[in-house]
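Residue-level structure breakdown
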Amino acid sequence: MLTGQALFVDDVDLPNMGHVAFVRSPHAHATILDIEVDDAKEINGVIGIWTADDLGDYWQSGPLLVPPPPVEGMTFNERTQVNLARGKVRYVGEPVVVIVAESRYIAEDAADLVYVDYDLLDPISNLEQAAAADSAKIHDNVELVNGELNNVNAHVTQVKGDGANFDTIAAEAQTVIKRRFYYDHGSSAPMECRGIVADWNRRAQKLTMWDTTQAPVFVRNGMAAFLGLSENNVRVIAPFIGGGFGPKIMMFYPEEMLVPWLSMQLDRPIKWIEDRAEHFLATTNERDQIHHAEMALDADGRILAVRDSFLHDAGAYAPYGLTIPLNSQCTLLGCYNVPSYHSTFTSVFTNKTPTTPYRGAGRQHGVFVMERLLDAAARELNIDKVDIRRRNLIRPEQFPVNHEIIYQDFGPLKYDSGNYSPALERAVEMIEYDAFYATHQPQAKAAGRLLGLGIVTYVEGTGIGPYEGSRVQVQSNGRVSVATGIGTQGQGHFTVFAQIAADQVGCNVEDVDVITGDTDTFHWGAGTFASRGAVVAGNAINEAAKDVRGKILKLASEHFEAAEADLIVSDGVVQVAGVPDKVISLGELAQMANPMRGSVKPGTEPGLESSNYFGPEYGATANGVHAMIVELDPDTMMLEIKKYVVVHDCGTVINPLILDGQIHGGVAQGIGNAFYEKLAYDDQSQLLSGSFMDYLLPTALDVPTMEMDHITTESPLNPLGIKGAGEAGAIPVGPLFAQAIEDAIGREDVEILEIPLSPSKIWELTR
Ligand code: MCN
């Protein structure tokens with residue numbers, strides 16, 4: 001990758017390839033009166049132009065990706081995205097016309113000559129406005145919920161314990177903390193935007209698709225179904241990808257649906273590469289939520305009950321389902337004993353780009369609410385902020401913990417295992433909590449400097465099913481190949497999966513070749529999301545490699561006429577213990593397992609090969625603590641991170657270097673989301689920060705060196721004892737910033753209830 005030799009989608013260059021440009025809506029909410037394409041068709045080099053009317057039945061989108069959870073009494077209005085807008089546009093950037101030309105230049109020129117006549121409707125740019133009973137309707141036939149909530153995608157209530165009686169509990173509590181919280185939109189901003197090349201080979205009746213997807217098997221299955229092909233006649237390759245971070249799981253984007261269809265229509269390869277401006281408008285993003293949350297506590301600061309009601313912004317369509325708000329609802333409970341919980345969310349349609357999971361996938365919203373409520377309670381009850389957390393942590397003997405509500409995998413929200421207190425105490429020690437408050441902060445204050453400390457905890461539900469699979473094979477040259485169905489976006493899967501296979505088989509890690517993200521190489525699986533690769537694909541590889549090891553031992557024991565127990569497999573050779581000349585390489589054994597003379601006996605198979613699968617009973621819960629010290633410039637409110645500490649528990653660590661890299665990356669994104677980045681919309685739902693001139697990503701200068709430590713609490717749910725880690729860095733950074741900045745400002749009347757922050761936001765708050 002670093003030398004530019006890796007294959008990215010834009011590197012795929014096929015003979016006779018047509019290039020796509022889209023005409024996208026410049027308006028957030030409008031009726032389409034007329035579309036005029038004749039002038040565009042006149043341009044030399046234009047191959048074809050399609051509007052929704054030209055697509056026949058294909059104008060409508062595919063099915064919902066994740067169906068609604070089985071929560072009793074919920075409302076769910078399914079509105080998936082259409083492939084090209086017909087009659088109405090619902091967000092800026094929605095595709096209206098698709099053009100194929102001999103080059104992208106020609107296609108873009110033609111796009112300029114397409115005239116669309118719009119009649120403007122009231123755009124809905126804000127969540128509370130969208131939900132108001134008298135607001136404009138974004139979709140037809142979406143009835144008011146409870147006679148008052150408009151534009152509802154979903155309305156879901158989940159209750160734990162005595163949560164329904166929150167008012168009674170609150171009446172007897174020492175204190176009740178009640179706040180409104182706001183978490184704004186953000187973009188995942190990968191280095192590489194989306195891209196698709198599709199090549200329909202009529203003679204072979206085979207569609208090959210290179211796609212920047214995180215879920216190649218799902219895309220293969222979906223495209224086969226939409227195009228009326230067998231799954232074996234579609235090959236989806238997810239090559240190297242410049243970052244996925246969630247939005248590249250989304251199926252099916254209109255572009256993903258249309259490019260293969262166009263290849264079949266035109267009988268030639270078709271390519272579409274998303275540019276950055278399109279990415280800001282047309283790739284899903286995440287974040288907008290407004291919470292009204294309450295926490296009842298006793299005099300010792302123990303949580304008695306929490307009640308939360310929140311609005312979640314689905315955007316103009318909700319093709320993905322309810323993963324984000326469900327994650328917010330579930331992750332809010334965090335590391336704490338919350339005996340009673342009442343949570344309602346209303347996912348509403350707005351005239352904005354659809355929202356789908358982005359690293360953390362709604363978990364950070366829940367953590368923000370919980371940690372901020374605890375901070376406010378600590379202040380009110382005059383309890384130290386670490387103490388209030390200590391008093392509420394779930395204890396090791398309480399696991400497994402069943403929270404009684406439904407999680408994103410549709411099973412009950414259960415924590416499999418954990419040891420939360422040592423992680424908190426280690427972070428307290430590493431950030432030098434006591435010394436900070438005894439010495440550093442008072443000294444700084446005396447010198448007119450604003451130093452603040454933040455310390456927050458979180459859980460991350462990881463490693464959910466349904467399953468992944470793997471095929472492990474010893475090749476006749478002695479190399480071991482591993483194939484799995486998930487895609488890779490930079491998580492280091494090639495290394496860690498090789499480690500797992502090498503450990504099991506008994507070879508060197510350099511002798512393992514890993515293939516991910518090619519549906520012709522491995523047929524089954526789900527994809528890379530929800531920090532599940534290590535747990536689910538990792539354990540599938542472990543199982544398949546175990547089988548292969550069994551075959552190696554069996555064959556070698558026959559060959560040497562020695563008991564399997566006397567064989568040692570390591571460094572790619574099998575040896576009879578204590579007999580140095582009885583040694584054979586794995587390559588030679590693989591050749592013997594594929595006989596050119598004699599036969600493979602009934603009930604046995606050729607080769608040293610196995611496919612195996614792993615599906616966890618439910619997700620493994622990782623946890624952690626982030627702590628940081630910041631200094632605020634009192635004149636500019638610019639912030640400097642003096643120290644950043646992460647203590648993390650993801651069970652068995654496969655590769656400490658990769659794990660640290662994952663956490664660095666997550667924290668960097670968390671810092672961006674907490675302090676720099678914001679998808680700012682005006683009241684017409686026009687994006688104001690749609691380029692990197694305005695959408696501010698943190699750079700290496702803004703992201704601090706991190707000090708890290710790991711606690712290991714193995715998950716009982718998988719043989720390797722792993723929990724996922726891919727999103728952990730990003731999850732608790734918002735409340736961490738809020739707490740540390742509040743602490744630096746050090747005024748009773750300044751409380752931070754929204755994310756993202758910025759110097760100007762802090763300035764406003766302090767004035
Ligand atoms: N790992 C480990 N030991 C553990 C847990 C994980 O060594 N106990 C390693 C894994 O083997 C893997 C990596 O850490 O190499 C991440 O593992 P895991 O938590 O299973 O996450 P996934 O492999 O499922 O990756 C998805 C996750 C998600 S959901 C997002 S979003 C995200 C992330 O990974 N997107 C990323 N990290 C990313 N990193 C890069 N470079 N690019 C992205 O798009």
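The shown structure was predicted, so the numbers you read here are calculated from the model rather than taken from an experiment. (Residues numbered from 1 in each chain as written. Predicted model: local features only at pLDDT ≥ 70, side-chain atom pairs only at ≥ 80, totals over all residues. Heavy atoms only, no water.)

**With respect to the overall build of the protein**
Selection criterion: A helix here means a DSSP run of H or I that spans at least four residues, while a strand means a run of E at least two residues long, and both kinds are numbered starting from the N terminus. Only C-alpha atoms enter the radius of gyration; for comparison, a globular chain is expected to reach 2.2 Å times N to the power 0.38, where N is the number of residues. Residues are treated as being in contact if the distance between any of their heavy atoms lies within 4.5 Å. In this charge count, Lys and Arg are treated as positive and Asp and Glu as negative; neither His nor the chain ends contribute. Where a charge lies is defined by one atom per residue type, namely NZ (Lys), CZ (Arg), CG (Asp) and CD (Glu).
When helices and strands are tallied, the protein shows 18 helices and 30 strands. Here the protein has a C-alpha radius of gyration of 28 Å; the compact-globule value for 767 residues is 27 Å, and the two agree. Restricting to contacts in the protein with at least 6 residues of sequence separation, those with at least 24 account for 79%. Across the protein, 56 positive and 102 negative side-chain charges occur, with their mean positions spaced 3 Å apart.

**Thoughts on the site of the ligand**
Using the following cut-off: The cutoff for a nearby residue is simple: one of its non-hydrogen atoms must lie within 4 Å of the molecule or strand. We call two N or O atoms a polar contact when they sit within 3.5 Å, provided that within protein one can donate a hydrogen and the other can accept it, with sequence-adjacent residues counted only if both atoms are side-chain atoms. Accessibility throughout is a Shrake-Rupley quantity obtained with a 1.4 Å probe, and a residue counts as covered only by protein chains that appear here. Polarity classes work like this: nonpolar for Ala, Val, Leu, Ile, Met, Phe, Trp, Tyr, Cys and Pro, charged for Asp, Glu, Lys and Arg, and polar for all others, with Gly in that last group.
Around the ligand sit 30 residues in total, of which Gly244, Gln491, His493, Gln662 and Ala725 are the nearest. Here a nitrogen atom of the ligand and a backbone polar atom of Thr652 are 2.7 Å apart. A total of 830 Å² of accessible area belongs to the ligand in isolation, and the protein chains cover 96% of it. Counting residues per element, the ones that place at least two in the shell around the ligand are helix H13 (493-505), helix H14 (533-560) and helix H16 (656-676). Broken down by class, the residue content of the shell around the ligand amounts to 11 nonpolar, 15 polar and four charged.

**Here we look at the packing of helix H5 (residues 216-227) against helix H6 (residues 254-266)**
The condition that has to hold: For helices, the fitted line uses only the C-alpha atoms of the stretch in contact; every axis is such a line through C-alpha atoms, and the angle between N-to-C directions lies from 0 to 180 degrees. When describing relative orientation, an angle under 35 degrees is termed roughly parallel and one over 145 degrees roughly antiparallel, while 65 to 115 degrees is termed roughly perpendicular and anything else oblique. Here is the rule for handedness: rotate from the far helix to the near one, and if that takes an anticlockwise turn smaller than a right angle the crossing is left-handed, while a clockwise turn gives right-handed.
Put simply, H5 and H6 touch, their axes get as near as 11 Å, and they point 55° apart. When the axes of H5 and H6 are compared, the pair comes out oblique. Between H5 and H6 the crossing geometry is right-handed. Contact residues: H5 offers Val219, Met223, Phe226 and Leu227, while H6 offers Glu256, Met257, Pro260, Trp261 and Met264. Tallied by class, residues from the contact of H5 with H6 come to eight nonpolar, no polar and one charged.

**Here's the deal with the pattern of salt bridges**
To be explicit about the condition: Just to be clear on terms, a salt bridge is a Lys or Arg side-chain nitrogen sitting within 4 Å of an Asp or Glu carboxyl oxygen.
Summed over the entire model, instances satisfying the criterion amount to 48 salt bridges. In this structure, the salt-bridge partner of Glu278 is Arg104, at a minimum N-O distance of 3.2 Å. With Glu278 in helix H7 (residues 276-282) and Arg104 in helix H2 (residues 104-112), the pair connects residues that are 174 residues apart, well separated along the chain. Residues joined by salt bridges that share partners form a network here, namely Arg24, Arg104, Glu108, Arg194, Glu255, Glu274, Asp275 and Glu278.

**Examining the domain arrangement of the protein**
In plain terms, the rule: Residue ranges for the domains trace back to a domain assignment, done automatically or taken from a database. Buried area: the sum, over both parts, of the accessible surface (1.4 Å probe) that disappears when the two are put together.
Looking at the assigned domains, one finds that the protein contains domain 1 (9-51 + 86-121 + 188-282), domain 2 (124-186 + 286-407), domain 3 (417-463 + 620-767) and domain 4 (468-614). Centre-to-centre, using C-alpha coordinates, domain 2 lies 20 Å away from domain 3. Each partner contributes residues to the interface: domain 2 has 41 residues there, and domain 3 has 51 residues. Across the domain 2 to domain 3 interface the summed buried area is about 3,900 Å²; carbon plus sulfur atoms make up 53%. Looking only at domain 2, the three residues that lose the most surface to domain 3 are Arg359, Arg379 and Lys385, adding up to 18% of its buried area.

**Describing the sheet that holds strand E2 (residues 30-36)**
Heads up, the condition is: Two strands pair under a simple rule: DSSP has to find at least two bridges between them.
With antiparallel pairing, the three strands of this open sheet are ordered in space as E5-E2-E7. Looking at which strands have only one partner, the edges of the open sheet turn out to be strand E5 (88-89) and strand E7 (115-120). Bridging between E2 and E5 involves two bridges; their strand directions are antiparallel. The residue of E5 that forms the bridge with Thr31 is Lys88.

**Description of the environment of Cys335**
The test is simple: Only protein chains enter the accessibility calculation, which uses a 1.4 Å probe. A residue is then buried if its area is under 20% of the maximum for its type, exposed if over 50%, and partly exposed in between.
Along the chain, the position of Cys335 falls in the loop between helix H8 (323-331) and strand E16 (340-349). You can call Cys335 buried: its relative accessible area is 2%. With 66 residues separating them in the primary sequence, Cys335 and Pro269 have C-alpha atoms 51 Å apart. With residues near it in sequence (within four places) discarded, Cys335 still touches Asn392, Leu393, Ile394, Tyr420, Thr457, Tyr458, Val459 and Asn623.

**Some thoughts on the sheet that holds strand E29 (residues 706-710)**
Strand order across the open sheet formed by four strands is E19-E27-E28-E29, with mixed pairing between neighbours. The open sheet has two free edges, formed respectively by strand E19 (450-462) and E29, since each of these has just one partner strand. When strand polarity is set aside, the average angle formed by the axes of neighbouring strands in this sheet is 15°. Across 13 bridges, the pairing between E19 and strand E27 (residues 620-632) is antiparallel. Each residue of the ladder has a partner; that of Glu460, found in E27, is Ala622. Contacting E27, strand E28 (639-649) and E29, H16 crosses the sheet at an angle of about 130° to E29.

**Side note on the side chain of Glu255**
Relative to the assigned elements, Glu255 resides in helix H6. On the basis of relative accessible area, Glu255 is assigned to the buried category, the value being 1%. One polar contact links Glu255 to Arg24, side chain to side chain, over a distance of 3.0 Å. With near-sequence residues (within four places) excluded, Glu255 lies in contact with Phe22, Arg24, Pro95, Arg194, Ile196, Pro260, Trp272 and Ala282.

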